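The lines below spell out each chain.
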Amino acid sequence: MNAPAYSSVTELALSIRSKKISSRQAVQACLDRIEKINPVLNAVVQISKKAAIKKADLSDQALAAGQIFGPLHGVPMTLKDSFDSKDFISTGGTLGRKAFIPPEDATVLKRLKHAGAILIGKTNTPELTLSYNTDNLIYGQTSNPYDTRLSPGGSSGGAAAVVAAGGSSFDIGSDFGGSLRYPAHCCGIATIKPTSGRVPRTGHILPFGGMLDAFQQIGPFARYVKDLKLLLSVICGPDGIDPAIVPMPFGDPDNIEIKNLRVAFHTDNGIVSPLPEIQDIVSDAAEAMEKKGAVINKTRPGSIEQAFDIAMGLIASDGGASTRRLLEKAGTKTHGLPWLDTAQPAGAEDLDRLFLKWDQFKSTMLSFFQDYDIILSPVNAFCALHNDDIAGHLESFSYTMAYNLTGWPAAVVRAGSTSKGLPIGIQVIARPWREDMALAVAQFIEDEMEGYRHPDNLIC
C-alpha cells in the first residue's frame, strides 16, 4: 500500500480492516498532510482534529472487537462546504452562513458515515457553488497544487485540491455545469458526474428542485478510478426526500469489455478549440482503445455546437431570482456574485422557445447514442488557468455544460500532462444509467496512459 496520504480508498479500507494500519494512523496522516499543505492551498476551511481522532479510535476499538461499520470503516474523508454537516460550520461560501451549523447531515454524508468513513474537514467552495473559480468572501481563494499561482477550478476546487495533494482519501463534490469535472481536470484526479436522478441532493446549499433541477448532480473525487465505483455505490439511491432520484441498478464496471465498445471521439466541439496538447491526449486515448479492439470513429453529436448558448440561456433565464432566494434564505446581505445585480429575466415567449430548444437538443444528442456506447472528449479547452482569466473563457466550459443539459453520466480521469506539468483530463461520457461503462473506460485510460501523479512542486 502507498503511504496513507496517497493510497487509494479501496486499498486503505482493506488495510484498515486487515489491521495493517489503524484508522488512527490513517486519520493522523491526513491531518498531518493538511497541516503542511493548507497554508499554501487554502483548500480545507474547517477541521476537527480531536473529534476525528476520537472517531478513529472508536473505529479501531470496534474492529478489535470484530465489528466492521461498513466498506469505508475508519477511512478519513473531507467534504465540500456546500453540504450540510451537523458537527461542522457549513457556509456554502456565503456570508449569511458564516457561523451556521446545520441540525443534520446531508444525505450523502449520512451514507458515508454509515459506511464507516470519518469526516475530518470541510473544503472550500465559491458562493452557493456558482463559479468555476474557488473563492468566497469568508475564506478567500484556493490554489492549485500543481501550480499555486493557478486556480484548482470550481466549484469543487477545495475538494479536488486537497485530494490531489494527499490531504484526504476522498471528497464529495457537486456539478451544475462542470463543477466536478473541471476541478478534476485541473488537479489531475478522478471523478464522475452520475446520471441525473442517481444521487440525492438533500442537504446541499444549491438544493434539488426548480426548473434546472436536472443540471445539479453529486459525485465523488478520488485519486484513482477504482475508488469511484466504491464511493458511488455508497451514496447513490433514493432517500425518500429528493423526488428526482430513481432506484436504478448500478452496474459493475469490471464486467465491461473495452473491445466490445463503439466509441465516438472529438477533439473540438465547434464552439472553442482546445489547446493542441489537450486534443492530442484525447486522440491518443481513442487510439489506445482502438488497439484494444474498440470500434472508434472521430465524430461528434450534431447539436453539440448549441450547448453553450442553451446552457447559459437557461441559467440566466430567471434573472437571478433563484439565487436571490437562496441568499435571502441564508441571511446574506453582502454577496460576491457581481453578475447578479444586473441579471434580467427572459420573457415568457423567449423562455418557451428556450425550453423547446433544450428538449430538441436532448433528443438529438440521445439519437447520436444509438450508434455509440461511449463519447471521449476534452473536459475543457484549457488546463488550469489563472484565477482572473476564468471569467474570460466561459465558452470553454461548454465541453462539460453539454452533459448537464443531457443529464448523462460523465467521468474524468487524468490521461497526460502539458509541457509545464499541468494535468490533462479526459471526459468519458456514457448513456443514461451506464456509469459502469464510463468508469470502465476511465479505468482503461488510467491504466494505459498517465493517471494520478503526485504534485512534486508542492510541499512534500
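Preceding this paragraph is the structure being described.
These remarks concern the structure in this document. (Residues numbered from 1 in each chain as written. Predicted model: local features only at pLDDT ≥ 70, side-chain atom pairs only at ≥ 80, totals over all residues. Heavy atoms only, no water.)

Re the overall build of the chain
Alright, step 1. When you go through the chain residue by residue, the secondary structure sums to 13 helices and 11 strands.
Alright, step 2. For the chain, whose C-alpha radius of gyration is 21 Å, the value lies close to the compact-globule estimate of 23 Å for 460 residues.
Alright, step 3. Counting all 460 residues of the chain, 60% fall into the buried class.
Alright, step 4. Counted over contacts in the chain with a minimum sequence separation of 6, partners at least 24 positions apart contribute 77%.
Alright, step 5. Total accessible area computed for the chain in this model is approximately 17,000 Å², and 52% of it derives from carbon and sulfur atoms.
Alright, step 6. Across the chain, the mean location of the 44 positive side-chain charges is 6 Å away from that of the 49 negative side-chain charges. (Helix = DSSP H or I, 4+ residues; strand = E, 2+ residues; numbered from the N terminus. Rg over C-alpha atoms; globule rule 2.2 N^0.38 Å. Buried < 20%, exposed > 50% of the residue type's maximum accessible area, 1.4 Å probe, protein only. Contact = heavy atoms within 4.5 Å. Areas by Shrake-Rupley, 256 points an atom, 1.4 Å probe, with all protein chains shown as cover. Lys, Arg positive; Asp, Glu negative; His and termini not counted. Charge placed at Lys NZ, Arg CZ, Asp CG, Glu CD.)

Comments concerning the pattern of salt bridges
It is possible for side chains of opposite charge to pair when their charged atoms get near one another.
Alright, step 1. This structure, assessed with the given rule, holds 24 salt bridges.
Alright, step 2. Here arginine 414 makes a salt bridge to glutamate 450, at a shortest N to O gap of 2.8 Å. With arginine 414 in strand 10 (residues 410-417) and glutamate 450 in the segment after helix 13 (435-448), this pair connects stretches of sequence that are 36 residues apart. Considered together, arginine 414 and glutamate 450 belong to a single accessibility category, that of buried residues.
Alright, step 3. With a shortest N-O distance of 3.5 Å, glutamate 450 and arginine 453 are connected by a salt bridge. (Salt bridge = Lys/Arg side-chain N within 4 Å of Asp/Glu carboxyl O.)

Regarding the sheet that holds strand 2 (residues 76-80)
Alright, step 1. Here we have three strands laid out as an open sheet, ordered 1-3-2, and mixed in their pairing. At either end of the open sheet lies a strand with only one pairing partner, and these are strand 1 (44-47) and strand 2. Across the sheet, the mean angle separating the axes of adjacent strands is 35 degrees when strand polarity is ignored. (Pairing = 2+ DSSP bridges. Axes fitted to C-alpha atoms, helices over the stretch in contact; angles between N-to-C directions.)

Considerations on the packing of helix 9 (residues 307-316) against helix 11 (residues 348-368)
Alright, step 1. Taken N-terminus to C-terminus, the directions of helix 9 and helix 11 make an angle of 135 degrees; their axes are 10 Å apart at the nearest point. As judged from the angle between their axes, helix 9 and helix 11 are oblique. In this structure, the crossing between helix 9 and helix 11 has a hand that is left-handed. Where helix 9 abuts helix 11, its residues Ala307, Ile310, Gly313 and Leu314 lie against Leu354, Phe355, Lys357, Trp358 and Phe361.
Alright, step 2. By residue class, the composition of the contact of helix 9 with helix 11 is seven nonpolar, one polar and one charged. (Parallel < 35°, antiparallel > 145°, perpendicular 65-115°, else oblique. Left-handed = near helix turned anticlockwise from the far one by under 90°. Nonpolar A, V, L, I, M, F, W, Y, C, P; charged D, E, K, R; others polar.)

Overview of the pairing of strand 8 (residues 295-298)
Alright, step 1. Note that strand 7 (residues 262-265) and strand 8 share four bridges and pair parallel. For valine 263, the partnering residue across the bridge sits in strand 8 and is isoleucine 296.
Alright, step 2. Read as a crossover between parallel neighbours, the route from strand 7 over helix 8 (residues 276-292) to strand 8 is right-handed. (Right-handed = clockwise from strand over helix to strand, strands pointing away.)

As for the packing of aromatic side chains
Alright, step 1. Per the counting criterion, the structure on display carries 10 aromatic pairs.
Alright, step 2. Residues phenylalanine 176 and phenylalanine 215 carry aromatic rings whose centres are separated by 5.3 Å and whose planes lie at 50 degrees to one another, so their mutual orientation is tilted. You can see phenylalanine 176 sitting in the loop between strand 4 (171-175) and helix 6 (181-187) and its partner phenylalanine 215 sitting in the loop between strand 5 (190-193) and strand 6 (217-222), a full 39 residues away along the chain. Each of the two residues, phenylalanine 176 as well as phenylalanine 215, counts as buried. (Phe/Tyr/Trp six-rings, centres within 6.5 Å; stacked < 30°, edge-to-face > 60°.)

Observations regarding helix 7 (residues 225-235)
Alright, step 1. With eight of 11 residues buried, helix 7 is to be regarded as a mostly interior element.
Alright, step 2. Buried residues of helix 7: Val225, Asp227, Leu228, Leu230, Leu231, Leu232, Val234 and Ile235, and no others.
Alright, step 3. Directly after helix 7, the chain includes glycine 237, whose backbone phi takes a positive value near 105 degrees.

Overview of the sheet that holds strand 7
Alright, step 1. Spatial ordering of the open sheet is given by 4-6-5-10-11-9-7-8, a layout of eight strands whose pairing is mixed. Two strands bound the open sheet, and with one partner strand each, they are strand 4 and strand 8. Sheet twist, expressed as the mean angle between neighbouring strand axes with direction ignored, is 25 degrees.
Alright, step 2. As defined by bridge partners, strand 5 adjoins strand 6 across two bridges and the pair is classed as antiparallel. Within strand 6, the residue paired with alanine 190 across the bridge is alanine 222.

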